[in-house]
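Okay, here's what each chain looks like letter by letter:
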Amino acid sequence: MDLNLNRADYLQVGVTSQKTMKLLPASKHRATQKVVVGDHDGIVMCFGMKKGEAVTVFKTLPGQKIARLELGGALNTPQEKIFIAAGSEIRGFTKRGKQFLSFETNLTESIKAMHISGSDLFLSASYIYNHYCDCKDQHYYLSGDKINDVICLPVERLLREVPVLACQDRVLRVLQGSDVTYEIEVPGPPTVLALHNGNGGDSGEDLLFGTSDGKLGLIQITTSKPIHKWEIRNEKKRGGILCVDSFDIVGDGVKDLLVGRDDGMVEVYGFDNANEPVLRFDHTLSESVTSIQGGCVGKDGYDEIVVSTYSGWITGLTTEPVHKESGPGEELKFNQEMQNKISSLRSELEQLQYKVLQEREKYQQSSQSSKAKSAVPSFSVNDKFTLNKDDASYSLILEVQTAIDNVLIQSDVPIDLLDVDKNSAVVSFSSCDSEIRSIEGQYGTLQAYVTPRIQPKTCQVRQYHIKPLSLHQRTHFIDHDRPMNTLTLTGQFSFSELHSWVVFCMPEVPEKPPAGECVTFYFQNTFLDTQLESTYRKGEGVFKSDNISTISILKDVLSKEATKRKINLNISYEINEVSVKHTLKLIHPKLEYQLLLAKKVQLIDALKELQVHEGNTNFLIPEYRCILEEADHLQEEYKKQPAHLERLYGMITDLFIDKFKFKGTNVKTKVPLLLEILDSYDQNALIAFFDAA
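Starting from 1, residues in each chain are numbered consecutively following that chain's sequence as written. A pLDDT threshold of at least 70 governs which residues receive local features in this predicted model, and a stricter bar of 80 or more applies before side-chain atom pairs are shown or counted, although totals over entire chains, interfaces and linings include all residues. Water and hydrogen atoms play no part in the side-chain values, which are based on all heavy atoms of the structure.

**A word on helix H8 (residues 644-661)**
Compared with the 26 Å implied by 1.5 Å per residue over 18 residues, the 25 Å span of H8 between its first and last C-alpha is a close match. With 14 of 18 residues buried, H8 is to be regarded as a mostly interior element. Each helix is a run of H or I in the DSSP string that is no shorter than four residues. Each strand is a run of E no shorter than two, and both are numbered from the N terminus. Expected helix span is taken as 1.5 Å per residue step, with the number of steps being one fewer than the number of residues. Three exposure classes are used, based on accessible area relative to the maximum for each residue type with a 1.4 Å probe and protein chains only: buried under 20%, partly exposed in between, and exposed over 50%.

**Some points on the packing of aromatic side chains**
Working definition: a ring pair exists when centres of Phe, Tyr or Trp rings (six-membered ring for Trp) sit within 6.5 Å. Plane angles under 30 degrees give stacked, over 60 give edge-to-face, the rest tilted. What the rule picks out here adds up to 15 aromatic pairs. Here Phe58 and Phe93 contribute two aromatic rings whose centre-to-centre distance is 6.4 Å and whose plane-to-plane angle is 25°, an arrangement assigned as stacked. Of this pair, Phe58 sits in strand E5 (residues 53-59) while Phe93 sits in strand E8 (residues 89-93), and the two are 35 residues apart along the sequence. A single burial state applies to Phe58 and to Phe93, both of which are buried. When the centroid spacing of 6.4 Å and the interplanar angle of 50° are considered together, the rings of Phe521 and Tyr536 count as tilted. Taken together, the residues span a long stretch of sequence, with Phe521 in strand E36 (residues 518-525) and Tyr536 in strand E37 (residues 531-537) at a distance of 15 residues. Using a relative accessible area of 6% as the deciding quantity, one classes Phe521 as buried. For Tyr536, a relative accessible area of 0% corresponds to the buried category. Aromatic rings pair up to connect Phe495, Phe521, Phe523 and Tyr536 into one cluster. Lysine and arginine charges are scored as sitting over a ring when NZ or CZ, respectively, is within 6 Å of the ring centre and within 35 degrees of the ring normal. Note that Lys81 overlies the ring of Phe100, its terminal NZ or CZ placed 5.9 Å from the centroid.

**Observations regarding the pattern of salt bridges**
Between side chains of opposite charge, pairing is possible as soon as their charged atoms come close. Salt bridges are defined by distance alone: a side-chain nitrogen of Lys or Arg within 4 Å of a carboxyl oxygen of Asp or Glu. Within the structure shown, the criterion is met by 33 salt bridges. In this structure, Asp213 engages Lys215 in a salt bridge whose closest nitrogen and oxygen atoms are separated by 3.0 Å. Given a relative accessible area of 27%, Asp213 falls into the partly exposed group. For Lys457, the salt bridge is made with Asp405, and the minimal N-O distance between the two is 3.6 Å. One end of the pair, Lys457, is in the loop between strand E32 (444-452) and strand E33 (460-466); the other, Asp405, is in strand E31 (residues 404-411), and 52 residues separate them in sequence. For Lys457, a relative accessible area of 48% corresponds to the partly exposed category. If you follow the salt bridges from partner to partner, you end up with Asp145, Asp169, Arg173, Glu183 and Arg474 in one network.

**Comments concerning the packing of helix H5 (residues 578-614) against H8**
Where H5 meets H8, the closest approach of the two axes is 9 Å, and the angle between their N-to-C directions is 155°. If you check the angle between H5 and H8, you find them roughly antiparallel. Relative to H8, H5 is oriented so that their crossing is left-handed. Only His644, Leu645, Leu648, Tyr649, Ile652, Leu655 and Lys659 of H8 make contact with H5, whose side of the interface consists of Val580, Thr583, Leu584, Ile587, Lys590, Leu591, Gln594, Leu595 and Ala598. All axes are obtained by fitting lines to C-alpha atoms, using only the stretch in contact for helices, and the reported angles, taken between N-to-C directions, cover 0 to 180 degrees. What sets the label is the angle itself: under 35 degrees gives roughly parallel, over 145 gives roughly antiparallel, 65 to 115 gives roughly perpendicular, and the rest give oblique. We call a crossing left-handed when the near helix sits turned anticlockwise from the far one by less than a right angle, and right-handed when that turn is clockwise. Contacts between residues were defined by any pair of non-hydrogen atoms, one from each residue, lying within 4.5 Å.

**Notes on the UniProt feature "coiled-coil region" (unreviewed entry) in the protein**
Sites flagged by UniProt as "coiled-coil region" (unreviewed entry) map to residues 335-362. As annotated, residues 335-362 has a helix share of 100% and a strand share of 0%, and its two end C-alpha atoms lie 41 Å apart. UniProt positions are given in the numbering used here, feature names are shortened, and annotations may be inferred rather than shown by experiment.

**Section: the sheet that holds strand E1 (residues 6-12)**
By definition, two strands form a pair when at least two bridges between them are found by DSSP. Pairing is antiparallel in the open sheet, where four strands are placed in the order E1-E28-E27-E26. Either end of the sheet is taken by a strand with one partner, and the two such strands are E1 and strand E26 (289-295). Mean inter-strand twist for the sheet, computed between neighbouring axes without regard to direction, equals 20°.

**Thoughts on the UniProt feature "domain: BBS7 beta-propeller" (unreviewed entry) in the protein**
Under the present numbering, the feature "domain: BBS7 beta-propeller" (unreviewed entry) in UniProt falls on residues 21-319. Helix makes up 1% of residues 21-319 and strand makes up 55%, while its end C-alpha atoms are separated by 20 Å.

Below, the structure is given as structure tokens:
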């Protein structure tokens, strides 16, 4: 079923956080609803639409940045009380804007997520979860990793409280009171939770989750175990999911799934006969979608999807047609409405131009006065630096509340910049001394200098750490049957000191030391699929990997960190010779594919010349005809991975050097011979060279 939605921009507030916009319940079916939104200026604003104009119902005074906005009320009644989280305080407002609650939680961290169910309040800060009933403390839980969202299954349907935490370590934690009932591993760091169909689905136990790497899934949270219903992989490589809602926008009597992503994508999924999600509609906005709601705002009787964006735009994607079929009387009325709108926009524009002139003069006077402090305009930057599992690359996403003029990227370690389809920027390079480099083991800082298009020119610097084992990703299970190399550290160091070294080396490890005396983390190398197990406690750390190079990097970096802190380390290691052949076998399919791709791409120009010369391709063998047919795809693939072959060569070279380094032999003089073997690659010849050296 085709879905045609037309965009309508309603108004702009300040910068918004995730899940800070809601629609108040309608007085009757398909009547227009009021929109309530909270922004970074601390302002809560409620407005409705009248004759195409936004009319304010109430607007609070500025205050602390609003991190969340939820609707509440007594169970089984319309949820029309407005609750906001700002700092460590919860405030409540009626739908008319009268404040009826101010609750200071006294949490040491700012509130990041909130869920309201009747008189129960479920809150999470970075690592702390709290449950309050009538503002009295009930339950508490300290999470091992950051909590991104919190929700509770519908109490009115299940007659029990089942809070669920979405944690950064790719786990949903199901609680009972202050204890974890069970944990559910999900395919990416979960960023958002929502009840399926808004009420938990048929069972009341169905929970939707969205991840920061763009995956979406449905899980039934039963009393004893989770049941995975479905999952949407992010095959189109779209942005991370920030918000979801359930609303029947198609009008077939079944609630659709509305999804908002951090790359500006708005999606609508319907459900087929097997209750599997099917994409029905998508629309791209130019900034991240922080909140999404289904309802009716612009005009009675016309359903729409209402979204808020990072810079504060409240936008509708409405079923109301742009050009209506109408008689002569209707047309006159429509023309008159349009004239009124144009004249009101003109007067608004004049007012804004006058205001800009006034502010500019005021700024000039204040900046020239002798008592003037530095009057650099401030602006918000929303950034995300994440590892993509599919192609072992990092995505750096920068979003500013105003247009970006330029971004300067500076790195003290060699990096390859890969082009992406969404990128419209013009890139210019100034390179440093080029050198042969390994992909892991080199570590440092990537800096982004962000300059927006505002006057006077101002710039913000953001820093991102490229870690020694930057291509490793947290996982929850590893294959214990693989041949493993072991590195053991002992010495006079505390648990938190060793944890800080692990944080320095590995991505996706929580900054805070986990509770307990001992901890185990599992990692997978996203490029090679090798694995790492790290177990440590006070005075001892044991690291196991099927890749010698991983152990070598850890040994070098951890000794350096201990030396910096003047801590004496005892280092011992056990090397498993079989692991080298095992790692080479893991590299083999990747290397073979890249060599074949490079070979095919080299042939394309010559084959095209022959085709022009002969007038057809009938004389070519099928293999060459196939290369010509797939030429565009092959060149596209090769362009996406310019340094893949070099990276693989670098990894094999490191493996060779590291194998003999642990034996106390320096084989750097044999590297040219190794590269010759790689140029005329044969797996058996390579393994024989490793064995014979």
